[in-house]
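For reference, the chains in residue letters:
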Amino acid sequence: MLQAGIVGLPNVGKSTLFNALTAQESALAANYPFATIEPNVGIVEVPDDRLPVLEKLNKAQKTIPATVEFVDIAGLVRGASKGEGLGNQFLATIRECDAVIQVVRCFEDDNIIHVEGSVNPVRDIETIQIELALADLTSVEKRRDKAVRAVKANGDKDAKRDLEILDKIQPVLEEGRPARAADLSDDEKAVIKTWFLLSSKPTIYAANVDEETLANPAGNPHVQKVMEHAKSENAEVVAICAKLESELVALEVEERNEYLKDLGLDSSGVDGLIKSAYNMLGLMSFLTAGEKEVRAWTIPIGTKAPKAAAEIHTDIERGFIRAEIVSYDDLVACGSRKAASEKGLARLEGKEYIMQDGDVVDFRFNV
């Protein structure tokens, strides 16, 4: 399962947000540094308005949504790259994650201490970035030494390629900037993905604001600065009020929606954050629907039909014959798969078919 790690300086609302995301109280939210020591893990459903529609259409017994795993990682402080605070543990845990959600404090509250003494979200972002960049710089320098030796020994082509990439990445890291800010081709990005650099991971900035700011986040000067910073490195920003979200969890769905409506919001910030994380990881969902269950299956964008079938069972991939596909919109408009077929809207696709988000699929196979 894919993991998104929630990171941030101590006391920025990280664990409060985790509790809201996972609708639980397992992550200790306290007003002192390192309240989170062991990383908390939660499985989170990806909001998908299509599932209840298909459930009703098929009179399904149950619905299973797509999921993303969120990890609440111990707060980081200056010097983490050298082992300060819980630095070594922080770096090891984040290295295992597929993406990073960095919570940055964009609200003023004298009752909640800030580890740096004042609210300055860009400084907080840079503090974490510098620590990740310094840790990556150590890895990059070791990789360079190894590549240089390989080129000298036998002119290794892969080592030459690595050196060309390192020449682009190392100066960026030396400036304390993330590896993802380096100007790399798609092929080069594919190579460094195998290097597991901390600062190359896709990142969303969760701007933690107060309730009053939610209706117009761009009007908050702290959020404005985060947006400007994110734009410079092609990162996303999602404004969220972690405190409010943790309170919404206790409400029934109708009450929650009414409360959000009173605030001038269409949906919760948690829903927006989950969807952003899912999209940022380059994921999408195909759907299966029948009387037994309606289910969303997670696959990378660009996946071919047999590989998508393997998500259900490897036997289906092995014995793949074809995929019978109806788009979600066509299926709902027609009212049933049979009606969609009669109108010529059901398609038979082969092994080279690239799956599309919202495909409702029935795989045919023979093992």
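It should be noted that the structure appears before, not after, this text.
What you see is a predicted model; the values in this text were computed from it and never measured. (Residues numbered from 1 in each chain as written. Predicted model: local features only at pLDDT ≥ 70, side-chain atom pairs only at ≥ 80, totals over all residues. Heavy atoms only, no water.)

*Asks:* What is the right way to look at the side chain of Arg 123 in this model?
*Replies:* Following the sequence through the fold, Arg 123 ends up in helix 4 (residues 121–154). Since its relative accessible area comes to 17%, Arg 123 is described here as buried. At a separation of 3.1 Å, a polar atom in the side chain of Arg 123 contacts the side chain of Asp 124. (Helix = DSSP H or I, 4+ residues; strand = E, 2+ residues; numbered from the N terminus. Buried < 20%, exposed > 50% of the residue type's maximum accessible area, 1.4 Å probe, protein only. Polar contact = N/O pair within 3.5 Å; in protein donor to acceptor, adjacent residues only side chain to side chain.)

*Asks:* Can you walk me through the sheet that holds strand 6 (residues 203–208) in this structure?
*Replies:* In a beta sheet, neighbouring strands pair by backbone hydrogen bonds and run either parallel or antiparallel. The 6 strands are arranged 2-4-1-5-6-7 in an open sheet whose pairing can be described as mixed. The sheet is open, and its two borders are formed by strand 2 (40–45) and strand 7 (236–240), each paired with just one other strand. Across the sheet, the axes of successive neighbouring strands diverge by a mean angle of 25°, strand direction being ignored. Bridge count for strand 2 against strand 4 (residues 67–72) is 6 bridges, and the pairing is antiparallel. Counted as the bridge partner of Glu 45 is Thr 67 from strand 4. (Pairing = 2+ DSSP bridges. Axes fitted to C-alpha atoms, helices over the stretch in contact; angles between N-to-C directions.)

*Asks:* Is there a simple way to explain the nonpolar core in this structure?
*Replies:* Note on soluble globular proteins: their nonpolar side chains tend to be buried together. Grouped together as the largest cluster of nonpolar side chains are 53 residues, with contacts concentrated most on Leu 17, Leu 21, Phe 70, Ile 101 and Leu 273. For this core, the element with the highest residue contribution is helix 10 (residues 269–280), accounting for 6 residues. Core analysis: the second largest hydrophobic core is formed by 18 residues, Val 140, Leu 163, Leu 173 and Ile 192 among them. (Core = buried A, V, L, I, M, F, W, Y, C linked by side-chain atoms within 4.5 Å.)

*Asks:* Please explain the pairing of strand 8 (residues 283–289) as it appears in this structure.
*Replies:* Consecutive side chains along a regular strand alternate between the two faces of the sheet. Strand 8 sits mainly inside the fold: 6 of its 7 residues count as buried. Sheet topology note: the strand 8/strand 9 (residues 293–300) ladder contains 7 bridges and is antiparallel. Across the sheet, the residue bridging to Phe 286 is Trp 297, located in strand 9. The hairpin formed by strand 8 and strand 9 contains 3 residues between the paired strands.

*Asks:* Sorry, what's going on with empty space enclosed by the protein here?
*Replies:* If a probe the size of a water molecule is rolled over the atoms, the empty space left behind becomes visible. Considering all chains together, one arrives at 1 cavity of 30 Å³ or more under this definition. Empty space within the largest cavity amounts to approximately 80 Å³. In terms of lining, the largest cavity is formed by Val 7, Val 100, Gln 102, Ile 128, Gln 129, Leu 132, Pro 178, Arg 180, Leu 198, Ser 199, Thr 203 and Tyr 205. Residue assignment for the lining of the largest cavity shows that the elements contributing at least two residues are strand 5 (99–105), helix 4 and strand 6. Counting residues per element, the lining of the largest cavity draws most heavily on helix 4, which supplies 3 residues. For the lining of the largest cavity, the class distribution of residues is 7 nonpolar, 4 polar and 1 charged. (1 Å grid on protein atoms, 1.4 Å probe; cavity = no way out; pocket = protein on both sides within 12 Å on 5 of 7 lines; lining within 4 Å. Points joined across faces, edges and corners; volume = space filled by probe spheres on them. Nonpolar A, V, L, I, M, F, W, Y, C, P; charged D, E, K, R; others polar.)

Any functional reading would require information that these geometric values do not contain.
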